[in-house]
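# Structural description and commentary
So the chains spell out like this:
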Amino acid sequence: MSDRMIVERATHASLIDVLDRVLDKGVVIDAWVRVSLAGIDLMTLQARIFVASIETYLKQADSVARSGRIAS
Amino acid sequence: MAKTAAKKPSKSTKREFARKTAVPAGRDRAGGGPVAAPRGKLERVKVPAPAAAPRPDSEGKYVYCIVRSEEPLSFGPLGLGQEPADVHTVHYRDIAAVVSNTPMVVQDPTRENVLAHQRVNETVMQKHTVIPMSFGTVFKTHDDIIELLRSAYDAFSDVLSKMKDKFEFGLKVLWDRDQIVREIEDEDEDIRRLKSEISSQKGSTYFARMQYGRLIDAALQSRSERYVAGIFNALRDVSVASRSNKPIGDRMIMNAAFLVARDKEQAFDSRVKEIGQQYEKLTFKYTGPWPPYNFVNIRLKLERAH
């Protein structure tokens, strides 16, 4: 590890890295909705999808002073 | 589509019902549909699989991501399923959902499924800005997808503009804790003195050991903060935004995501490599480009009309 290794970008994402992202980030539909959508037809039920919250993070992490140990 | 519900004989199972209603719905809109035939005028189309006709059990639509496009797009057989499903788009105004036909079941996040989800996103984002869906979103019909796009149109459109031409990169930083402890012991006189006290003392070393532990922890914490702050600072001017997630495990000191503009990708890349050389004691796990998972969070809910 003390060799001066060049940091290489991983070309194939590891499963952990993928799971880290795909399970609860991006556009998330309530878990129970996911399940019920499998059994219902929105049109039939006259169910309506609505945006409960929308957040984008377009700032630099403010954790610089407090280190990456703090979850955000 | 809704009207057929009442007409179906009651012995028909839900599954059969879905099969009969959902598939035709997918076909008639947006031109492409599941039977995406090669069409000369489409841009950015990889030649679709010739045998991509919907199989009888392809009832629902799995959603991978949202893009901005008025033209139907086709990405070929990349989707979930043992035989990778054809990936195409469903449109509403100028946005589209990237979908594939899938059995109407709750998909488990197995290795194959999760990697297929990621593979589609990776492919789409080569040429399009994407808002990634989290894993496992299945809608029953083509019209339900349109309803999704319509309901969340403003949110999707706004976020697509904000994320335009930006990618996410992941950077995890690990250290060899024992090596750092040895370094701290070499550098810090108090700690060195305590350590030799502990090893030479005959009686109880309880207090010396407690104090040693406290000093080592504090020194590790401040060293990790210094490294992490240095790394964030070095990447500040080549990224648009950054997020700091909780490090996983003992060895990780930083678990961050960076949002990087397409035209800064090279600069970001070389900067990460410079940092890697500068901090030679640290191990870097650098991944990407990813869809901007860490920078977008849109929560959708379902409400029943009365």
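Note that the structure is predicted; figures quoted are calculated from it, not measured.

### A look at the sheet that holds strand β7 (residues 166-174) of chain B
As summarised here, the arrangement of the 5 strands in space is β1(A)-β10(B)-β7(B)-β9(B)-β8(B), forming an open sheet in which the pairing is mixed. Edge positions in the sheet fall to β1 (9-10) of chain A together with β8 (241-245) of chain B, since each of these pairs with one other strand and no more. Looking at chain direction, β1(A) and strand β10 (residues 283-290) of chain B are connected through 2 bridges and run parallel. Looking across to β10(B), one finds that A:Ala10 is bridged to B:Thr287. Sitting on the sheet, helix α8 (residues 206-235) of chain B touches β7, β8, β9 (252-261) and β10 of chain B, and the angle it makes with β9(B) is about 10 degrees.

### Some points on the domain arrangement of chain B
Residues and elements named next belong to chain B. Its domain assignment divides chain B into domain 1 (2-8 + 37-166 + 295-305) and domain 2 (168-290). Across the interface of domain 1 and domain 2, roughly 920 Å² is buried in total on both sides, 66% from carbon and sulfur atoms. When the buried surface of domain 1 facing domain 2 is broken down by residue, Met-125, Lys-166 and Phe-295 rank first, second and third, together holding 69% of it. The residue Asp-165 makes a salt bridge to Arg-262 at a minimum N-O spacing of 3.3 Å. Viewed at the interface, domain 2 and domain 1 are joined by 1 residue pair in polar contact (both at pLDDT 80 or more). Among the residues making up the side of domain 1 that touches domain 2, the classes are represented as 3 nonpolar, 2 polar and 3 charged.

### A few points about the pattern of salt bridges
Scanning all chains against the criterion turns up 18 salt bridges over all chains. Between B:Glu168 and A:Arg21 there is a salt bridge, with its nearest N and O atoms 2.7 Å apart. Here A:Arg21 lies in helix α1 (residues 15-22) and B:Glu168 lies in strand β7, a pairing that spans two chains. Salt bridges linked by common partners bring B:Glu183, B:Glu187, B:Arg223 and B:Lys281 together as one network.

### Some points on the pairing of β9(B)
A regular strand carries its side chains on alternate faces of the sheet. Residues and elements named next belong to chain B. For β9, the buried fraction is high: 10 of the 10 residues fall into the buried class. As paired strands, β8 and β9 are joined by 5 bridges and run antiparallel to one another. Directly across from Arg-243, in β9, lies its bridge partner Ala-257. Joining the antiparallel neighbours β8 and β9 is a turn of 6 residues, in which Gly-249 adopts a positive phi near 85 degrees.

### Quick word on the pairing of strand β4 (residues 95-102) of chain B
All names here are of chain B. Across the 8 residues that make up β4, a large majority, 8, are buried. Burial along β4 is two-sided: Ile-95, Ala-97, Val-99 and Asn-101 and Ala-96, Val-98, Ser-100 and Thr-102, pointing in opposite directions, are all buried. Judged from the 8 bridges that link them, strand β1 (residues 60-68) and β4 form a sheet pairing that is antiparallel. Each residue of the ladder has a partner; that of Lys-61, found in β4, is Asn-101. Pairing between strand β3 (residues 86-92) and β4: 6 bridges, direction antiparallel. Pairing of His-91 across the sheet is with Ala-96, part of β4.

### Comments concerning a nonpolar patch on the surface
Residues B:Tyr206, B:Phe207 and B:Met210 make up a contiguous nonpolar surface patch of about 360 Å² in total accessible area. Given the relative accessible area of 68%, B:Phe207 is considered exposed.

### With respect to the packing of α8(B) against helix α9 (residues 265-278) of chain B
Residues and elements named next belong to chain B. Relative orientation of the contacting elements α8 and α9 amounts to 150 degrees, with a least axis distance of 10 Å. Between α8 and α9, the angle is such that the two are roughly antiparallel. For the crossing formed where α8 meets α9, the hand is right-handed. Facing Ile-231, Ala-234 and Leu-235 of α8, the residues of α9 in contact are Phe-268, Arg-271, Val-272 and Ile-275. Residues that form the contact of α8 with α9 fall into these classes: 6 nonpolar, no polar and 1 charged.

### What to know about the packing of aromatic side chains
All names here are of chain B. Considering all chains together, one arrives at 11 aromatic pairs over all chains under this definition. With a centroid separation of 6.1 Å and 50 degrees between ring planes, the pair formed by Phe-268 and Tyr-286 is classed as tilted. Placement of Phe-268 in helix α9 and of Tyr-286 in strand β10 is noted, with a sequence separation of 18 residues between them. Overall, Phe-268 belongs to the buried group, its relative accessible area being 0%. Given the relative accessible area of 1%, Tyr-286 is considered buried. The rings of Phe-169, Phe-232, Phe-258, Phe-268 and Tyr-286 are connected pair by pair, giving a single aromatic cluster. In this structure, Arg-93 is placed above the aromatic ring of Tyr-153, and the distance from its NZ or CZ to the ring centre is 4.1 Å.

### Focus on the packing of helix α6 (residues 177-187) of chain B against helix α7 (residues 189-200) of chain B
Residue and element names in this part refer to chain B. Where α6 meets α7, the axes come as close as 5 Å, and the angle between the chain directions of the two elements is 100 degrees. Considered as vectors, α6 and α7 are oriented roughly perpendicular to each other. Each of Ile-184, Glu-185, Asp-186 and Glu-187 in α6 lies in contact with α7, whose residues at this interface are Glu-189, Ile-191, Arg-192 and Lys-195.

### Overview of helix α4 (residues 142-151) of chain B
Since there are 3.6 residues in each turn of an α-helix, residues three or four apart along the chain are aligned in direction. Across the 10 residues of α4(B), 8 count as buried, placing the element largely inside the fold. Buried within α4(B) are the following residues: B:His142, B:Asp143, B:Asp144, B:Ile145, B:Ile146, B:Glu147, B:Leu148 and B:Leu149.

Cut-offs used in this document
- Residues numbered from 1 in each chain as written.
- Chains lettered and ligands numbered in written order.
- Predicted model: local features only at pLDDT ≥ 70, side-chain atom pairs only at ≥ 80, totals over all residues.
- Heavy atoms only, no water.
- Pairing = 2+ DSSP bridges.
- Helix = DSSP H or I, 4+ residues; strand = E, 2+ residues; numbered from the N terminus.
- Contact = heavy atoms within 4.5 Å.
- Axes fitted to C-alpha atoms, helices over the stretch in contact; angles between N-to-C directions.
- Domains from an automatic or database assignment.
- Buried area = accessible area lost by both parts, 1.4 Å probe.
- Salt bridge = Lys/Arg side-chain N within 4 Å of Asp/Glu carboxyl O.
- Polar contact = N/O pair within 3.5 Å; in protein donor to acceptor, adjacent residues only side chain to side chain.
- Nonpolar A, V, L, I, M, F, W, Y, C, P; charged D, E, K, R; others polar.
- Buried < 20%, exposed > 50% of the residue type's maximum accessible area, 1.4 Å probe, protein only.
- Patch = residues over 30% accessible without salt bridge, like charges linked within 9 Å, V, L, I, M, F, W, Y side chains within 5 Å.
- Areas by Shrake-Rupley, 256 points an atom, 1.4 Å probe, with all protein chains shown as cover.
- Parallel < 35°, antiparallel > 145°, perpendicular 65-115°, else oblique.
- Left-handed = near helix turned anticlockwise from the far one by under 90°.
- Phe/Tyr/Trp six-rings, centres within 6.5 Å; stacked < 30°, edge-to-face > 60°.
- Lys NZ or Arg CZ within 6 Å of the ring centre and 35° of its normal.

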